[in-house]
Amino acid sequence: MEDVVVEVRNLQKTFKRADGTLVKAVDDVSISVRSGECIVLLGPSGCGKTTLLRSIAGLEKPEDGEILLHGERMFSGKKKLEVAPQDRALSMIFQSYALWPHMTAFENVAFPLRSRKLPRAEVGERVKKTLEMVGVGELAGQHPSDMSGGQQQRVALARALVAGDDLVLLDEPLSNVDAKVRDQLRRELVEMQREINFSAIYVTHDQIEAMELADRIAVMELGKIVQLGPPKEIYERPSTRYVANFIGTVNELSGTVKGISAGGLMTVATELGDLEVPTAEGTTTGSEVAITFRPERCSISSHQVEGSLSWKGTVNTSSFFGSHTEHHIKMTESISFLVWQAESTQLSHNDEVWVTIDLANLRTLPIESDEVSDASH
Amino acid sequence: MTELDLDEVGESMAPGRLGSSSPVSKISPFHAFSLLVGVGTAFLILYPFSRVLIRLFWVDGSFNIEPFRNVIELPNLGQLMFNTFALVIAGGSLALVAGFVLAWLNERTDARVGALTDILPLLPFIMPVIAAAAGWVIIGAPRAGYFNYYIREVLQLVGIHMKEGPFDIFTWYGLIFVYALYLIPYPYLLVSAGLRNLDPSLEEQARVCGAGLWRTLWRVTLPNVWPSIAGSALIVATIGFAMISVPILIGTGAEIEVISTRIVRLLNFTYPPRTAEAVGLSVVVLVVLVGIWRLQARLIRGGRFATIGGRAARGRRIELGKWRWIARSLTFGYVFFALIAPLYGLLITTLNGFWSPKTRWSQLTLDHFRTVLWFDQKTRDSLFNSVYLGLVGATIGMIIAATISTYVQRSTGKTSTIIDGIAKLPAAVSGLILAVGFILAFAGPPFGLQGTMLILLLAFIATHMPSGSIAADGAASQVGHSLLEAAYVSGASESRTFRKISIPLMLPGLVAGWSLLFVRYAGDFQASAILSSTSNQTAGKKIVEIYEMGSYAYLAALAMGLTAITGLIIGVVFALTRKRAAISVA
């Protein structure tokens, strides 16, 4: 059994909207974070990821459930227990950095140590060391207003690391810096996390960020964690259409299950004919399903390919993106697929081509009855 | 009776407190402190206020509508009402229009002169209105008024000879003019803020669509700053109904009596005080104010108003061309009439030793200053009392306001909302009524605070709580939530966060609020008109007494001394805090 740093059990947090309706921001969420692990909470705005993070920090008060840090109860709805944020021994980096404008970088970073009443000499030494570690040692005497976004971000990181807490919460810390700096900071963050080996919970709506940083990604929707797993698993084996669409781009073909045959296959009636595809969990004859596949997993050819699924379509647009070429292929009036190919062959409008996909790269996912069936791009 | 009320207020706060902090078992010391301050403030405001209401129907232990009868039977009630409404409506409208014009010119046109224009219209705030009114008596009186004398001298050169005039401050127009003069800063402040928050691209869009300057102003600018204008109207009416300084100095000379001056006379210049009638008259004011307050709420609710989203770029200023200097002269003219002219009158009279327009320039001396401000012990005491009340009161008031604002900002419970509402209540009920309430509530047993500095201090804190509270709210709202949360997560307790993060970041706003409170307290002639007597004389009260005795050199010296001290203290405070403020703002 690995060392568990954070344990969240059945957490509930409801917000009241201005019009009086209740929104379940965090709906019966359970998750645990292992020592040295980086968990990314991923989802669109309003999915509850930030609320979950803030609840762990103690900045929001959930109604029910439990939060344990290092096995110690920090919050318990049943026991009416709530430990104040200042007593939880964790660090947090805010989206806005939340650097105190009236303090220098040094004073900002020293604040957590001074709050914990460390001796003066040790404060000075540790602050200097930490500022140097994040690469802004020379900015110690400056105020945040005199720094660039990237520098402020580094100071915020130093402030989070200086106290040596082994849990750091990060609330979209990179969303305020420009793209180039963001990439660099992200790489450094990964390195630093591996090196110092702190556990991290990282909130973002950016799937690329999630893929790079996460040991495990928790995809959230409407206050619930819909899938939790390593990035590769989330990408290749999404458990719902929502997850498939949120992480990366996906082609969808909707249909109805006609019959389930032996050997883990079933027949699905679609607009492109009956297809034999792998079974999906919880589907029976008559279920609405979406057959999904990634654009980079299919290929384009001028003729039908035997042994794989192959459909004929006409080229709508073909755009060169540098790293790949994206073809937008029209299959029928209502269905079109995206195909990404590494080679930069440009196709012309209305060219007739075949789109081919290997059966192993298909994933069949149930369509929830309340979902709008927008199964095409 | 008194004990009973105390308990009621105390208990009504308690359930809210428990409700707002349900799952937490313990309340932090800072939370408890905030709550204590909040409940204490609520008591200080609600208790006197409720005593006024109770006194209306309840006289000496039995139900009685005598106060109403007394009011109705007051001689000249109709005239009194007419005068009051005429003054508030005419003077208030004048102040609104002037405030709007000044704000628009300084925010939207090239008439502004750097940061100077932001400060200019606020300068008159430094001068206590009671001192300014005294100054206007001295420059505007028909015969000896300096202005009239100078104008007559000039007219003589072109062969026109007059014995007095041409202007007379002791008339309706004189009263309305001076009254409006000291209300202008309020609409100016609010409308400026409104214009600053209104995205200039809305107006630019109107111009691009072919609307001219006036059409844009009329169809786009004005409708969108309507909330600021409605808010200004409310403030002008509230302050206007309760303003005593100008009516008592200028209105008395013009034989125009208004409700506020009658209340003061009934309570403080009549023996024995006729409390019943005074209370009845206060309620007339209260009813009118509640009416205006509801009207304003409806006006604002009904409309759709654009506001700024995020940090918008400054729009290009309208170029006024040759009108530019005329526009500028309006701003400078305002400062001249509101500040420089009355100050000049006070200064010359003081240095001269007596009130005469024929200044003997060679014989000006500071002796009279010394005589009045130092050798006359009663005057000296009154001045000392006012400055002391200003320093101590503004500090306590601002600490309370900052605590409540921080508490309200952090807390989501009902208690904080209620406390915040009560802190703002005096703005709607007028300081006059609260001062009457303080007599009923604290003057007699068990408190027995009649004639003490403490009752003045408490009354000042209560009546001016809204100004302090609004300033502190503004300051608190500029301290982003995450800055405080970052401190908690860094292991700082709530009180450490308040001391190390909230207070330093709020400092510029708090200093501004403190200055405002200091001038209000030091130059007060509202609460002190009713609560101050020989044992706790304030400078404002003393000015009116000297005026009634007719010694104008004394009057000028005291008013000048009061203005000089407030100006000096405000100047020092700003100089000391400017450096730190600059860091925080950046």
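Residues numbered from 1 in each chain as written. Chains lettered and ligands numbered in written order. Predicted model: local features only at pLDDT ≥ 70, side-chain atom pairs only at ≥ 80, totals over all residues.

*Asks:* Please provide a residue-by-residue account of the overall build of chain A, values included.
*Replies:* For chain A, the count of helices and strands is eight helices and 21 strands. With respect to the three principal axes, the spread of C-alpha positions in chain A is 75 × 50 × 45 Å. Of all 377 residues assigned to chain A, the portion counted as buried reaches 41%. (Helix = DSSP H or I, 4+ residues; strand = E, 2+ residues; numbered from the N terminus. Buried ≥ 20, exposed ≤ 12 C-beta atoms within 10 Å, placed from the backbone.)

*Asks:* Please set out the overall build of chain B residue by residue, giving values where relevant.
*Replies:* Along its length, chain B carries 27 helices and two strands. Across the 586 residues in chain B, those meeting the buried criterion constitute 48%. When contacts within chain B are restricted to residue pairs at least 6 apart in sequence, those whose partners lie at least 24 apart make up 81%. (Contact = placed C-beta atoms within 7 Å.)

*Asks:* I'd like to hear about the interface of chain A and chain B, residue by residue, with values.
*Replies:* Contacts between chain A and chain B engage 26 residues on the former and 22 residues on the latter. Of all the elements in the fold, those that place two or more residues in the side of chain A that touches chain B are β6 (81-82), β7 (91-93) and α2 (105-115) of chain A. With three residues, α2 of chain A is the largest single contributor of residues to the side of chain A that touches chain B. Grouping the amino acids of the side of chain A that touches chain B by side-chain chemistry returns 13 nonpolar, eight polar and five charged. (Nonpolar A, V, L, I, M, F, W, Y, C, P; charged D, E, K, R; others polar.)

*Asks:* Account for the domain arrangement of chain A, with residues named and values stated.
*Replies:* Domain assignment breaks chain A into domain 1 (4-241) and domain 2 (249-364). In this structure, domain 1 of chain A and domain 2 of chain A have C-alpha centres spaced 39 Å apart. (Domains from an automatic or database assignment.)

*Asks:* Tell me about the pairing of strand β4 (residues 64-69) of chain A, and name the residues and values.
*Replies:* Residues and elements named next belong to chain A. Side-chain alternation along β4 places G65, I67 and L69 on a buried face and D64, E66 and L68 on a face that remains uncovered. Inspection of the sheet shows β4 paired to strand β5 (residues 72-76) by four bridges, in the antiparallel sense. The residue bridging L69 from the neighbouring strand is E72, located in β5. Where β4 hands over to β5, the hairpin turn is made up of two residues, of which H70 adopts a positive phi near 50 degrees. (Pairing = 2+ DSSP bridges.)

*Asks:* Run through the domain arrangement of chain B, naming residues and quoting values.
*Replies:* All names here are of chain B. The domain architecture assigned to chain B consists of domain 1 (1-64 + 366-586) and domain 2 (72-302 + 325-353). On the domain 2 side, the residues contacting the 39 residues of domain 1 number 37 residues. Listed by contribution, the elements that provide at least two residues to the side of domain 1 that touches domain 2 are α2 (29-57), α17 (367-375), α19 (414-429), α20 (431-443), α24 (494-522), α25 (527-531), α26 (539-549) and α27 (552-585). Ranked by residues supplied to the side of domain 1 that touches domain 2, first place goes to α27 with 12 residues.

*Asks:* Account for the environment of L170 of chain A, with residues named and values stated.
*Replies:* All names here are of chain A. Along the chain, the position of L170 falls in strand β8 (residues 167-171). With 26 C-beta atoms counted inside 10 Å, the residue L170 sits in the buried group. Sequence separation between L170 and F321 is 151 residues, and the spatial gap between their C-alpha atoms is 32 Å. Dropping the residues within four chain positions of it, L170 is found in contact with I93, A200, Y202 and V203.

*Asks:* Explain the packing of helix α6 (residues 129-140) of chain B against helix α16 (residues 324-352) of chain B to me, using residue names and the numbers behind them.
*Replies:* Residue and element names in this part refer to chain B. Between α6 and α16, the shortest axis-to-axis distance is 8 Å and the interhelical angle comes to 75 degrees. In terms of axis orientation, α6 runs roughly perpendicular to α16. Together, A131, A132, A134, G135, W136, I138 and I139 of α6 and A341, P342, L343, G345, L346 and T349 of α16 make up the contact between the two elements. Counted by class, the contact of α6 with α16 contains 10 nonpolar, three polar and no charged residues. (Axes fitted to C-alpha atoms, helices over the stretch in contact; angles between N-to-C directions. Parallel < 35°, antiparallel > 145°, perpendicular 65-115°, else oblique.)

*Asks:* So what's going on with the confidence of the model for chain B? Which residues, and what values?
*Replies:* All names here are of chain B. Per-residue confidence for chain B gives a mean pLDDT of 78, with 87% of residues at or over 70. Looking across chain B, the model is least confident in helix α1 (residues 2-20), with a mean pLDDT of 32, and most confident in helix α8 (residues 172-181), with 91. Predicted confidence is poor over residues 1-25, with pLDDT under 50, and the contacts of this stretch with residues over four places away or in other chains come to 31 contacts. Counting interchain partners and residues more than four positions distant, the pLDDT-below-50 stretch residues 581-586 has 13 contacts. We note a pTM of 0.73 for the whole complex and an ipTM of 0.79 for its interfaces. (pLDDT = per-residue confidence, 0-100.)

*Asks:* Any chance you could break down the nonpolar core for me, citing the residues and the numbers?
*Replies:* Residue and element names in this part refer to chain B. By size, the foremost hydrophobic cluster in this structure holds 275 residues, and its most contacted members are A133, A134, V436, A459, I543 and L558. A total of 14 residues in this core trace back to one element, the largest contributor, which is α24. The contact partners of I543, leaving out residues within four places of it in the chain, are I130, A131, A134, L555, L558 and A559. (Core = buried A, V, L, I, M, F, W, Y, C linked by C-beta atoms within 7 Å.)

*Asks:* Which residues make up the environment of T538 of chain B, and what values go with them?
*Replies:* Residue and element names in this part refer to chain B. With respect to the helices and strands, T538 occurs in the loop between α25 and α26. Residue T538 is classed as buried on the basis of its 32 C-beta neighbours within 10 Å. The spacing of T538 and L343 is 195 residues in sequence and 20 Å in space, taken between C-alpha atoms. In this structure, T538 is in contact with S382, N385, S386, L389, L456, D524, S528 and S532, ignoring residues within four places of it in sequence.

*Asks:* Which residues make up the pairing of strand β15 (residues 288-293) of chain A, and what are the values?
*Replies:* Residues and elements named next belong to chain A. With respect to burial, β15 is a largely interior element, five of its six residues being buried. Examined bridge by bridge, strand β12 (residues 251-261) and β15 share six bridges and lie antiparallel to one another. In the sheet register, E252 faces β15, and the bridge partner there is T292. Bridge analysis of β15 against strand β21 (residues 363-366) gives four bridges, and the strand direction is antiparallel. Considered in β21, the bridge of A290 is made with L365.

*Asks:* Outline the packing of helix α4 (residues 77-108) of chain B against helix α12 (residues 226-242) of chain B, listing residues and values.
*Replies:* Residue and element names in this part refer to chain B. Interhelical geometry of α4 versus α12 gives an angle of 140 degrees and a closest axis separation of 10 Å. When the axes of α4 and α12 are compared, the pair comes out oblique. Where α4 crosses over α12, the two elements pack in a sense that is right-handed. Seen from α4, the contacting residues are V88, G91, G92, A95, L96, G99 and F100; seen from α12, they are I229, S232, A233, V236, A237, G240 and F241. Of the residues belonging to the contact of α4 with α12, the class tally is nine nonpolar, five polar and no charged. (Left-handed = near helix turned anticlockwise from the far one by under 90°.)

*Asks:* Give me the lowdown on the sheet that holds β7 of chain A, citing residues and values where you can.
*Replies:* Residue and element names in this part refer to chain A. Strand order in the open sheet made by the six strands is β7-β8-β9-β3-β10-β11, with mixed pairing throughout. Looking at strand neighbours, the two that pair on one side only are β7 and β11 (224-229), the edges of this open sheet. The average angle at which neighbouring strand axes cross in this sheet is 20 degrees, direction not considered. By the bridge criterion, five bridges tie β8 to strand β9 (residues 199-204) in an arrangement that is parallel.

*Asks:* Give a description of α6 of chain B that names residues and reports values.
*Replies:* Residue and element names in this part refer to chain B. In this model, α6 (12 residues) spans 16 Å end to end at C-alpha, consistent with the 16 Å of a helix rising 1.5 Å per residue. With 12 of 12 residues buried, α6 is to be regarded as a mostly interior element. Inspection of α6 places V129, I130, A131, A132, A133, A134, G135, W136, V137, I138, I139 and G140 among the buried residues, and these make up the whole buried set. (Expected span 1.5 Å × (residues − 1).)

*Asks:* Explain unusual backbone geometry residue by residue, including any values.
*Replies:* For N350 of chain A, which is not glycine, the phi torsion reads 75 degrees and is therefore positive. Residue position: N350 of chain A is located in the loop between β19 (336-341) and β20 (352-357). Residue N350 of chain A is classed as exposed on the basis of its 9 C-beta neighbours within 10 Å. One non-glycine residue with positive phi stands out, namely E255 of chain B, at about 55 degrees. Examined against the element boundaries, E255 of chain B turns out to sit in the loop between α13 (245-253) and α14 (259-268). E255 of chain B sits in the exposed class, given 8 other C-beta atoms within 10 Å.

*Asks:* Pulling in residues and values, what's your account of the sheet that holds strand β2 (residues 22-34) of chain A?
*Replies:* The pairing of strands in a sheet happens through backbone hydrogen bonds and is either parallel or antiparallel. Residues and elements named next belong to chain A. In spatial order, the strands read β2-β1-β4-β5-β6; together these five strands make up an open sheet with antiparallel pairing. Strands with a single pairing partner mark the edges of an open sheet, and in this sheet they are β2 and β6. When strand β1 (residues 4-16) meets β4, the two strands line up antiparallel, connected through five bridges. Residue pairing across strands places R9 opposite E66, the latter belonging to β4. Those strands touched by helix α1 (residues 49-57) are β1, β2 and β4, and its axis lies near 120 degrees from that of β1.

*Asks:* Now, about the confidence of the model for chain A: what can you tell me, with residues and values included?
*Replies:* When pLDDT is averaged along chain A, the result is 87; 97% of the residues meet or exceed 70. Here residues 371-377 of chain A is a poorly scored stretch, pLDDT under 50, and it has 13 contacts once near neighbours within four places are set aside; other chains count.

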